[in-house]
Amino acid sequence: MRGTEETVALSERAAGWRARVPASVPPAGPELMVALDIDGTLITHDGDLSAAVRAAVGDLKAAGACLVLATGRSIQATVPIARELGLTDTLAVCSNGAVCLRLDPDGDFEITDVVTFDPGPAVRLLREELPEGLFAVEDLGRGFKVTAPFPMGELTGEVEVVSFEELLAAPATRVTLRAPDLDSSDFKDLVERVGLHGVGYAVGWSAWLDISPEGVSKASALDMLRGRLDIAQDATVALGDGGNDVEMLAWATHGVAMGDAGPDVAAAADAVTASVHEDGAAVVLRALLDR
């Protein structure tokens, strides 16, 4: 959004949103925890971050609220966005909850928590069904090991091509299955057909499947951090748009889905804001600031 008219419109939309926020959610300050998905929520899937969203995030952080980036992104893909948002001395949940970070004021980061699992059984089943699929295992803090190159720009950091057996040789925080010639509905059918057990999973907006440790999600990691910070459960807000946000939106006292979220995501939320292209996240964050 640009210009005075857009700023006024955003303020009016935020004023209208304030009535939707539960009374238990405290004003912007250290007692408030706000979890923010990145792709499709704060930035578009093309990587665009609007001035309105950037300003709202910065003002909420300046007010003392506990902001946590909660994303399926890897460490090396999360940290640059945090810096672009001006979020230092803050927390981030990466890899759909398997990795937690603390971002330092000097721009560096510390890995505080890691959960791993044996990906072998589930991944072997998936490969039998989709032998042409591309598999990647996160190489924590560095990049990815892959069975074959992914489409340009989809993976960040160092990418190393390895054999399928080497890919599964060590415990993993997350495994990604990609099939560029399919779509997300094909992947949902694949999961139902295979019947994954002992792992968690989330189908992305494209033909992208993330496999994670059982019981691990953005919600599980956020609740762990909430307990450490001694923040009340009913003082939590979360914004997201994807299948990997469902648990997080249900966990938060005020779970907000983006306007272009799928039906299952919207059903898990308490409310639906405008899309990422309409600065839907900024509307909610401004409403929290102005209470």
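Use the structure listed above.
What comes next is a walk through the structure. Note that the coordinates shown come from a computational prediction; the quantities given were computed from them, not determined experimentally.

1. Description of the packing of aromatic side chains
- The final tally for this structure, using the stated rule, is two aromatic pairs.
- Measuring from ring centre to ring centre gives 5.8 Å for Phe135 and Phe164, while their planes differ by 75°; the resulting arrangement is edge-to-face. Placement of the pair is Phe135 in strand β6 (residues 134-139) and Phe164 in helix α5 (residues 164-167), with a sequence separation of 29 residues.
- By relative accessible area, Phe135 is classed as buried at 1%.
- A relative accessible area of 8% means that Phe164 is categorised as buried.
- A centroid spacing of 6.1 Å and a plane angle of 75° characterise the contact between Phe150 and Trp208, whose relative ring orientation is edge-to-face.

2. Some thoughts on the side chain of Thr273
- With respect to the helices, strands and loops of the structure, Thr273 is situated in the loop between β14 (271-272) and α10 (280-289).
- What makes Thr273 buried here is its relative accessible area of 6%.
- Polar side-chain contacts of Thr273 include one of 2.9 Å to the backbone oxygen of Gly280.

3. Description of the sheet that holds β6
- Spatial ordering of the open sheet is given by β8-β7-β6-β9-β11-β10, a layout of six strands whose pairing is mixed. For this open sheet the edge positions go to β8 (158-161) and β10 (199-203), each flanked by a neighbour on one side alone. Across this sheet, the average inter-strand angle for adjacent strands is 25°, counted without regard to direction.
- Of the strand pairs in this sheet, β6 and strand β7 (residues 143-146) are connected by four bridges, and their pairing is antiparallel. Residue pairing in the sheet places Val137 in a bridge with Lys145 of β7.

4. Regarding a negative patch on the surface
- On the surface, Asp183, Asp186, Asp189 and Glu192 cluster together to form a negatively charged patch.
- Within the secondary structure, Asp186 sits in helix α6 (residues 184-194).
- The class of Asp186 is partly exposed, set by a relative accessible area of 32%.

5. Observations regarding the pairing of strand β3 (residues 90-94)
- Taking burial as the measure, the five residues of β3 include five buried ones, the bulk of the element.
- What you see with β3 is no split at all: Thr90, Ala92 and Cys94 on one side and Leu91 and Val93 on the other are buried throughout.
- As paired elements, strand β2 (residues 66-70) and β3 share three bridges and run parallel to each other. Across the sheet, Ala70 pairs through a bridge with Val93, a residue of β3.
- The handedness of the β2 to β3 crossover, carried by helix α3 (residues 75-84), is right-handed.
- Counting the residues in the hairpin turn of β3 and strand β4 (residues 99-103) gives four residues, including Ser95, whose phi is positive at 55°.

Rules used throughout
Numbering of residues starts from 1 in every chain and runs along the sequence as written. Local features in a predicted model are, by the rule used here, given only for residues with pLDDT of at least 70; side-chain atom pairs are given and counted only at 80 or more, and totals for whole chains, interfaces and linings are based on all residues. Where side-chain values are given, they derive from all heavy atoms of the structure, hydrogens and water being excluded. Pairing of aromatic rings covers Phe, Tyr and Trp, the last counted by its six-membered ring, and requires centre-to-centre distances within 6.5 Å; plane angles under 30 degrees mean stacked, over 60 mean edge-to-face, and any other angle means tilted. Here a strand is any run of E in DSSP of at least two residues, a helix any run of H or I of at least four, and the numbering for each starts at the N terminus. Type-normalised accessible area, obtained with a 1.4 Å probe on protein chains alone, sets the label of each residue: buried when under 20%, exposed when over 50%, and partly exposed for intermediate values. As used in this structure description, the phrase polar contact means that two N or O atoms lie within 3.5 Å; if the pair is within protein, one of them must be able to donate a hydrogen and the other to accept it, and residues adjacent in sequence are counted only when both atoms belong to side chains. Two strands pair under a simple rule: DSSP has to find at least two bridges between them. Think of each axis as a best-fit line through the C-alpha atoms, taken over the contacting stretch in the case of a helix, with angles from 0 to 180 degrees between the N-to-C directions. Each patch is built from residues lacking any salt bridge and having more than 30% relative accessible area; the joining distance is 9 Å for like charges and 5 Å for nonpolar side chains (Val, Leu, Ile, Met, Phe, Trp, Tyr). Using a 1.4 Å probe, the Shrake-Rupley method yields the accessible areas, and only the shown protein chains count as cover for residues. Note on definitions: salt bridges are taken to be side-chain nitrogens of Lys or Arg within 4 Å of carboxyl oxygens of Asp or Glu. The charge count treats Lys and Arg as positive and Asp and Glu as negative. His and the chain ends do not count. To locate a charge, take NZ of a lysine, CZ of an arginine, CG of an aspartate or CD of a glutamate. Crossovers are described as right-handed under a simple rule: with the strands pointing away from the observer, the path leading from the first strand over the helix to the second runs clockwise.

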